[in-house]
Amino acid sequence: MKFPWSHTTIVDMIQNDHKVEEKCDQVTKDIVAGKLNIAEFVEELGPALTHTDAPIRAKGTTLLSNVLMDLPVDCLSASQVELLCTFYIDRSLDHNTVTPMVLAGIDALTRMTHFPDGAAVRLLRALFERVPCQSQKKPQRTLYFQLFLRLAERKTSELKEWGVDFVYGVIGAMEGERDPRNLLYLFEHMPPLLRTFPMYHLAEEMFETFACYFPIEFHPNPNDPVVITRETLAELLANCLCATAELAQFAVPLLLEKLDSRLIVAKLDSLALLTRCLELLDVPKIEEHHDELWTALKKELQSVGTKSASEKELAEAVYTAIQAMVRNASGSEPSAKALLDKILLSVMGGLMDASSKQFETNLRVELSCAQASEYCAVYVIEKLVPMLLGQLHADGPMEPRTASVLIDAIQRLCAVCAHWYCIHKLDPAIVAQVHKKLIEILLQEADACEQKRSALMALAAVPEMVTSENRYVVYGTIVKILLAAGDNPPQTVAAVQECLFSFAIRYQQEVKTVVLEKLIAHEYATASPALVKLVFETLAKFILYHGYVDKMIKFFLAKVFDTDNEQLAIVAMETLTDVVEGGKSSQLAKGELYEQYKLIDRFFDYAAANDRLSSEYLHAMAQLIGAIVKQLSVEDQKDLILKRLPTLQLQLRANLYLASGLLGYLDQSVPLVDHFENLVTDLSKLALESDDEKVRSVCNRLLCSLFNRMPDDEHHRGVLKRLLKTIRGELKKHNHQAVIILGWIGKGLIARGHAEAGEIVDDIADLLDHPTLGHIAALAFEILSIEFPQLHLPLLRNLFKQKLFVWVMKKLEQKLEHYAEAHLKALAFVLAATPHTVLKMNLSKVGPVLLKCLAQDDDRTILEALAIVVRFTRDQDPFVQDHLQTLIPLLLKLTVRQSSMKIRIAALECLLYVCKYPTFLLLPFKQSTLLELQKPLDDRKRLVRNAAVATRLQWFVLGSTEEAKGDK
C-alpha cells in the first residue's frame, strides 16, 4: 500500500482500526501539500469501495467524503472534480446504507471552486432518478435540498438548458417534506429559484407543492434551543406562494377556500397572502374573481366582531385586502368602476343611516376603496359626500352624536382627498357644499363640540377649499379657541393647532398678519400658566417653518428680557430650550440664537445689569444656554469659553448659573486646564458654605461633570487630592454638605472608571456607621446610583454600575447581621441601579439584604427593595421559593402600611405573583393570608382595593384545581 499511515490492507484497516478516520487527517494534509494525488487515494480505497459487503463500502465512501469535506474549496482541479463526480454518480446506484455518504461527498464537490461545466446536470439527474429524497433521514434530506439550491445558484444557465426535468426533480424532492427546520430552509431559499427558472407546464404543480402547507399549523417545541415560530414559517411560505405572478394566479381559489376556516389565524394568513398576490397579478387575472372575492370579504366583515384584539386585527386585514383588490382593479378604469359600483351598491344601505351599527363598517369599506388610487378617491368622495350632506340637511331634529358621526365621516374623506391631492378633480359643486357646511359649523357650533373638532380637521386636510373671505372665519376660530384653551377639550385644541399649521404653510402672509399678530399681541400677564404654555408651544413650532423664524424669535426674546413679568420670561426660555433640544434644526441654535441674535452675550449683559433675578429665571437661562452650547462646534465652544469663563465670579449667584450653562454640555475635547483648579476651589467652597440649596445643587452638578472630564495627569490628580483632604476636614466638623459633595465627586469618577473612585466609595461607606452623618451617607449612595437626566457626563465607562455594586458589596457584605437602617438604605439604592442579571447572579448575597430592607421603617428603602423582589417573584426565582416563610409575612404587613400607597400596591402585586409557585408550598399560608388580605379590601384608595381583590381572589382559588381533580 502507498499510504504512509498503514501497512495493512484497506479493508482490514476499516474493519479493525477504530482510529482510521483520525488518520485521514494526514491524507488531507498530504493532498493539500501535493504529496498525494486524490486519484491515487481513490484508487487505494478501491478494495473498500467495491467490496461485496455494503457496510464496508459505506465506510470506504465515508473516508473519501470526509477527506473531500476537509479539503479547501480550491484544492482540486476541474478534471479531478469531474473524476469524483463520475464516481459518486456511479455510487448513487449503491445500497441505501451508502447513500448518506454519497450525498455528503456530492455536497463537498458542489462547493469546489473548479466545479466543471456539465457536471451539475449529471449529478442532479442521478439524484432525482436514483435517490428518492423523502426516503432519506432528516439530515440527508437537508443535504439534498442544499445541493440542488446551491447548484441552481452556481450553474443557473446550465440547469435552465436542462429544462423541465430540473423543475420536476425539485418538486419530487420537496413533495411530502414535514420536518419544520427543513421546511423553514426551503421556504427561505426557494423564492429566488422560483423567480429564476421557468416553470413550464409544472407551475400549478409547483404551487400545490407549497399550498399543501397553507395555512401553517405549527406548535413549536418549548425545549427547542433555536425556536421556530409559526409566524416565521407563515411569512416565508407566503414568499414562495407569491414568488411570481405565474404562481400567484393559483392562490386566489385557494384563499377563497381557506377564508371559510373557523380559525382566525388561518383567515389572517389568507388575507395577508391575498393582499400580496393582488400586487403581482394583472387586472384580467383578478377581474374574473371580483364577485367571489367581494362576497367572501363582505361575509367576513359581517361575521367578525370588534371586541377582542384578534377580531380587530382580522377586520383591519379585511379592509387592507379590499384596498389591495380595488388598487389592482385601478389598472383598468372600466374594471375599477364596475368593482366600485358593486361595492357601493352592497354598502349603500348602511351608509344611508348614520345611527345604524353598520355605518362605521361600511364607511371603512368605502374609505379603503378611496385609499386605493386617485381615481377611486374621486369616485368615492363624489358618491359619498352628497349622501352624508343629505342626512345632515334632513328635515326634523338630529341627535348631536349622529351629526358628529356624519361630520367625522366627511373629515375622513377630506383626509383621503389630501392624500391624493385630488381636490381639483372633484366636482366644484360638491366641494362648495362641503366648504359651506364646514364654515357653517365653525360659525354656529360650540367650541367644545365634537362637530367643530371634525370640521377643523377637515379644513386642515384641504385648506384649498376655503374661499378667501371665509378663511378669516377659520382664523378667527383658531385664535378664539387657542386663547380659551382651558375651556376646550384637548382634542379640539390639537385640531386647532393642526389647522393653524396647515393654513400657515399655504397662506403664510395671512397667518402672519391675522393669527400670529393677535396671538403675539395678547396680554398674557393675567393668563393662566397652562394657557401661556400651550400658546407659547404652538408659536414655537413656527420657528421651524420657513418665513416665520425671525418673527417668532423676536417675540420670544422680547418675553425673555421682559423685566415686568419674570414668569412669562421663564416659560419663553423653557419653550426655546425645548425647540433647540428637539434637534430638528441645528441652524436655529448656531445661526440664529448664537450668531445673529447673540443670545448668550445678551444673557451675560442682562444678568450683570439685574442683580435680583430669581433662581427659577437663572435656572431656565442656564438650561437654554446649555442647549445652545451643546449645538455649537468645538471651535465655537473654545472661543466662547475663552471669552466668557475668565470674567465670571462664581460667588455671584447669576455668574454661577451662567457658568452652569457654559460648562453643562461642553464637549470633552474643549480644554479647561487653565480654569480647572479655580473652578473646583470656588465651586467646592460655595457648595460647603452656601445656605441656598439651589446654589449648592448647581455647584455639586458642576463638580461632578468637571471631575468626570478632567485629564488624568499629576496636576489634576493633585487638585482632586487637595479637595478630598479639605472635604475630610469638613467631615470631622460633621458638615452634612461635605458628604453630599463627596457623593457627587464620586459619581463623576465612577462613571469614567477612575482609580480614586473606589477610595471615595469606601469613605462614604465608612460614614454609614457615623452617628450624625449616617443618614446623609445613605443619600450619597443614592446620588452615586441613580441617573440624572440633565447631568452631562462626557466620559462613561462600560459596566460602571456593576463596578459600583461590586465595590459596595465587597465593603459591606461581611456586616449583614449588624446592618443599621442607613446601611440598608444605601444598599437599596445601589441594588435598584444594578442590572437585573447581575442581581440574579449574586442573589445568594443580595436576597437576605432585600428581605431585611422589607422589614425597615423607611419608605424609600422598602420601595426600592420591593421593586426588585417583585421582579424575582414574577420570574419564579428559586431563592424566593426557598424564603416564602419569611417573605409572605413581610408582604402581608406591607399591604396595610398607611404611609405609602405605592408600597401597599407593590406588596399586593408581589403576593399575586407568589401564587405562581407550587401549590403544596403555599397551602400552609393560605388561611392566614386570606385573613390578612381582608384588611386592604377596605383601603381608602381605589387602586389598592382593586389590587387587593385580584390578589385575594387568586389566593382563594389556590388549590381548588387539585381538589376538583381529586373529587373526580
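So, how was this worked out
- Residues numbered from 1 in each chain as written.
- Predicted model: local features only at pLDDT ≥ 70, side-chain atom pairs only at ≥ 80, totals over all residues.
- Heavy atoms only, no water.
- Phe/Tyr/Trp six-rings, centres within 6.5 Å; stacked < 30°, edge-to-face > 60°.
- Helix = DSSP H or I, 4+ residues; strand = E, 2+ residues; numbered from the N terminus.
- Buried < 20%, exposed > 50% of the residue type's maximum accessible area, 1.4 Å probe, protein only.
- Patch = residues over 30% accessible without salt bridge, like charges linked within 9 Å, V, L, I, M, F, W, Y side chains within 5 Å.
- Areas by Shrake-Rupley, 256 points an atom, 1.4 Å probe, with all protein chains shown as cover.
- Salt bridge = Lys/Arg side-chain N within 4 Å of Asp/Glu carboxyl O.
- Lys, Arg positive; Asp, Glu negative; His and termini not counted.
- Charge placed at Lys NZ, Arg CZ, Asp CG, Glu CD.
- Contact = heavy atoms within 4.5 Å.
- 1 Å grid on protein atoms, 1.4 Å probe; cavity = no way out; pocket = protein on both sides within 12 Å on 5 of 7 lines; lining within 4 Å.
- Points joined across faces, edges and corners; volume = space filled by probe spheres on them.
- Nonpolar A, V, L, I, M, F, W, Y, C, P; charged D, E, K, R; others polar.

A. A look at the packing of aromatic side chains. This structure, assessed with the given rule, holds 27 aromatic pairs. Centre to centre, the rings of Tyr475 and Phe503 are 6.0 Å apart; their planes meet at 85°, and the pair counts as edge-to-face. One end of the pair, Tyr475, is in helix α27 (residues 468-482); the other, Phe503, is in helix α28 (residues 490-506), and 28 residues separate them in sequence. On the basis of relative accessible area, Tyr475 is assigned to the buried category, the value being 1%. Measuring from centroid to centroid gives 5.1 Å for Phe561 and Tyr606, while their planes differ by 75°, and the two rings are edge-to-face. Placement of Phe561 in the loop between α31 (549-560) and α32 (566-581) and of Tyr606 in helix α34 (residues 599-609) is noted, with a sequence separation of 45 residues between them. Of the residues examined, Phe561 reaches a relative accessible area of 15% and is grouped as buried.

B. Representation of a negative patch on the surface. Together, Glu175, Glu204, Glu205 and Glu208 line one region of the surface with negative charge. Along the polypeptide, Glu208 turns up in helix α13 (residues 203-211).

C. Expanded view of helix α42 (residues 757-767). Of all the 11 residues making up α42, eight are buried; the element is thus mostly covered by neighbouring parts of the structure. Ala757, Gly758, Ile760, Val761, Asp763, Ile764, Ala765 and Leu767 are the residues of α42 that are buried. As for α42, its buried residues are in contact with α40 (714-732), α41 (736-752), α43 (774-785) and α44 (800-812).

D. Representation of the layout of surface pockets. Of the volumes computed, that of the largest pocket is approximately 360 Å³. Contributing to the lining of the largest pocket are 20 residues, with His619, Gln623, Ser660, Arg701 and Gln790 lying nearest its centre. For the lining of the largest pocket, the secondary-structure elements that each account for two or more residues are α35 (615-631), α37 (653-664) and α39 (693-709). Of the residues belonging to the lining of the largest pocket, the class tally is six nonpolar, 11 polar and three charged.

E. Main features of empty space enclosed by the protein. Counting across every chain of the model gives five cavities of 30 Å³ or more. Its boundaries defined by the atoms lining it, the largest cavity holds a volume of some 110 Å³. Taken together, 13 residues form the lining of the largest cavity, with Ile381, Cys414, Leu426, Val434 and Met465 sitting closest to its centre. For the lining of the largest cavity, the secondary structure elements donating two or more residues are α23 (374-392), α24 (400-420) and α25 (428-444). Looking at the lining of the largest cavity, the element that brings in the most residues is α24, giving four residues.

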